[in-house]
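Inside the fold
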Amino acid sequence: MSQPSEIPMMDAVALSRAIHDRDLSCAEVMAAYLDRIDALNPRLNAIVSLRPREELMREARGRDDELAAGTSRGWMHGFPQAIKDLADAAGLPTTKGSPLLKDNIASSDASYVARMRDAGAIIIGKTNVPEFGLGSNTYNPVFGPTANAYSPAHTAGGSSGGAAVALATRLLPVADGSDFGGSLRNPGAFNNVYGLRPGFGRVPASNEDVFLPGMGVNGPMARNVADLAQLLAVQAGYDPRQPLGLEGDGTEFAAPLDRDVSGLRIGWLGDLDGRLPFEPGIIALCEAALPVFENLGCHVETVSLDYDMEDVWQAFCTLRHWQVGAGLLPLYQDRSRRDQLKPEAVWEIENGLKLGVFDITTASTRRSAWYQYVRNLFERFDFLLLPTAQVFPFAIEETWPRKVGGREMDSYHRWMEVVVPVTMSGCPAISVPVGFGEAGLPMGMQIWGPDRAERAVLEIAHAYDRATSWSEQVPPGA
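Described in the following lines is the structure provided in the data block.

**Describing the sheet that holds strand β2 (residues 80-84)**
The three strands lie next to each other as β1-β3-β2, forming an open sheet whose pairing is mixed. Both edges of this open sheet fall to β1 (47-48) and β2, since each of them pairs with a single strand only. Here β1 runs beside strand β3 (residues 122-127); their pairing, made up of two bridges, is antiparallel. Counted as the bridge partner of I47 is T127 from β3.

What follows is the structure, given as structure tokens:
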């Protein structure tokens, strides 16, 4: 039998098997994770709004009673799960890191949260986020900052920063998050874990408007690809409340991921022909990972994009002003609340107010043109590779990098421009670990696949995962 301290170190697939084989009780699992949270979370601040221990232990014992009676709710039966604090989980606050919402208690679960609960997860609390999820640095005036798993003096990234840190430090077996401008990918890279941005419609969205497709998606994070695929299988699938969702029930992702990847064509995008500035060491780390694919039998070649990437960026900014600004506008219009909004939120709203409907249509048309270009590119290549971030994790007290590679950044998110081509394509991509820089800080690389190719992305990422050992490196002191 595993010692309590060993339980959180288990991969999620192995943990689920041990629970269902009755080698571990759900109560033992819950106690082991809560002990670890008590020991590590005070210095990390990854998990917030943690429910009382006695309530969670009672639920865990209830899950054991169900197994004793021959009933399993699903793959996550008995798993402790903390939900990203941008999504609703019934009975818990959805603060979104804002003092304006700190008393907002959810009355129901978001669709994908309900699926995790239905699969047996016990919701223990929330994971920390930047205020309103804006920016790839997890800090807010309600709970404070979340520290990087490998260096508490540095940022966890964001906006799924709390999720990534909880995952890397073994406070959770798997984690959920969302991604608009890299929010599953960036914290994955900054904390040496895997984060998948699914394509639009694969996992039910949290948008109130179900007819205008947004750019944000919900998705899974994990310490290895096999665990990530199982969580995606739980989260994914058509929801009749969201008519633009993709058909299917997610079971395709639960099947074994092993496949022969030899002969696959992979394009390396690098710094987009000098278009993007990078902190020294990042490109070298990613390029050092390319032979892993070649040793697997893939054909890797450098790709130049014959496309105006500034056009893609400007279209992204317009659509983001519109979509982010629309959601926050009621708070902005209440002058008694406006001063409590972070500057980045006000910037998005006020730029959104300047837009006309034809500006939005033009930006969406430009996004569509980019998708067609990418679609044609995927006729030449099975996958594309590019770094996940342009900087290593930076000092936790720095709100966002003002300069990268000697270039001034003109907005709070320009330093994360490398994730935008994927977001604007609507296609899936996974951030995979590529190692650590000279200062011991993690970095990742995006594997970008065609539309609706999540399964293929998982298969190539799984082959990469099996050929490397990054996911085995536990953070110091964890």
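**Section: the pairing of strand β5 (residues 194-197)**
For a regular strand, the rule is simple: side chains alternate between the two faces of the sheet. Side chains Y194 and L196 project from β5 onto one buried face, and the interleaved G195 and R197 project onto a second face that is buried too. Summarising the sheet, β5 and strand β12 (residues 429-436) pair through three bridges and their orientation is antiparallel. Counterpart to G195 in the pairing with β12 is S431.

**Quick word on the side chain of E131**
Here E131 shows up in the loop between β3 and α5 (161-168). Among buried Asp, Glu, Lys and Arg side chains, E131 stands out as unpaired, with K342 the closest opposite charge at 5.3 Å. In contact with E131, not counting residues within four places along its chain, are K96, G97, S98, P99, Y139, N140, P141, Q340, L341 and K342.

**Observations concerning the pairing of strand β6 (residues 217-222)**
Judged by how many residues are buried, β6 sits mostly within the fold: six of six residues are covered. Sheet topology places strand β4 (residues 175-179) next to β6; five bridges connect them, and they run antiparallel. Across the sheet, G177 pairs through a bridge with G219, a residue of β6. In this structure, β5 lies alongside β6, joined through two bridges in antiparallel fashion. Counted as the bridge partner of G195 is M221 from β6.

**A short note on empty space enclosed by the protein**
Under the criterion given, the structure shown has five cavities of 30 Å³ or more. Estimates place the volume of the largest cavity at around 200 Å³. Lining the largest cavity are 22 residues, with F200, G201, A205, Q242 and G245 sitting closest to its centre. Estimated volume of the second largest cavity: approximately 50 Å³. Taken together, L134, G135, S136, N137, Y139, K342, E344, T399, W400, Y412 and W415 make up the lining of the second largest cavity. Each residue belonging to the lining of the second largest cavity can be placed in one class, and the counts come to five nonpolar, four polar and two charged.

**A look at the pattern of salt bridges**
What the rule picks out here adds up to 28 salt bridges. For D258, the salt bridge goes to R466, with nearest N and O atoms at 3.2 Å. Placement of the pair is D258 in the loop between α7 (225-235) and β7 (265-268) and R466 in helix α14 (residues 454-467), with a sequence separation of 208 residues. Considered together, D258 and R466 belong to a single accessibility category, that of exposed residues. The salt bridge partner of D334 is R337, with a shortest N-O separation of 3.7 Å. A residue is classified by how much of its surface remains accessible, and D334, at 30% relative accessible area, is partly exposed.

Reading guide: rules and limits
Each residue is numbered by its place in its chain's sequence as written, counting from 1. The predicted origin of the model limits local features to residues at a pLDDT of at least 70 and limits the giving and counting of side-chain atom pairs to 80 or more, whereas totals for whole chains, interfaces and linings rest on all residues. Note that the side-chain values use all heavy atoms of the structure and ignore hydrogens as well as water. In short, DSSP must find at least two bridges between two strands for them to pair. Only DSSP runs of H or I reaching four residues or more are called helices, and only runs of E reaching two or more are called strands; each is numbered from the N terminus. Three labels apply to residues, based on accessible area from a 1.4 Å probe with only protein chains included: buried if under 20% of the type maximum, exposed if over 50%, partly exposed otherwise in between. Two residue types count as positive, namely Lys and Arg, and two as negative, namely Asp and Glu; His and chain ends fall outside the count. Any carboxyl oxygen of Asp or Glu within 4 Å of a side-chain nitrogen of Lys or Arg constitutes a salt bridge here. Whether two residues touch is decided by their heavy atoms; if any such pair falls within 4.5 Å, the residues are in contact. Cavities and pockets were defined on a 1 Å grid built from protein atoms only: a cavity is a group of points that admits a 1.4 Å probe but offers it no way out, a pocket is an open group of points flanked by protein on both sides within 12 Å along at least five of seven lines, and a lining residue is one with an atom within 4 Å of any such point. Grid points are joined across faces, edges and corners, and a volume is the space filled by probe spheres set on the points. Three classes are used, and their members are as follows: Ala, Val, Leu, Ile, Met, Phe, Trp, Tyr, Cys and Pro are nonpolar, Asp, Glu, Lys and Arg are charged, and the others, Gly among them, are polar.

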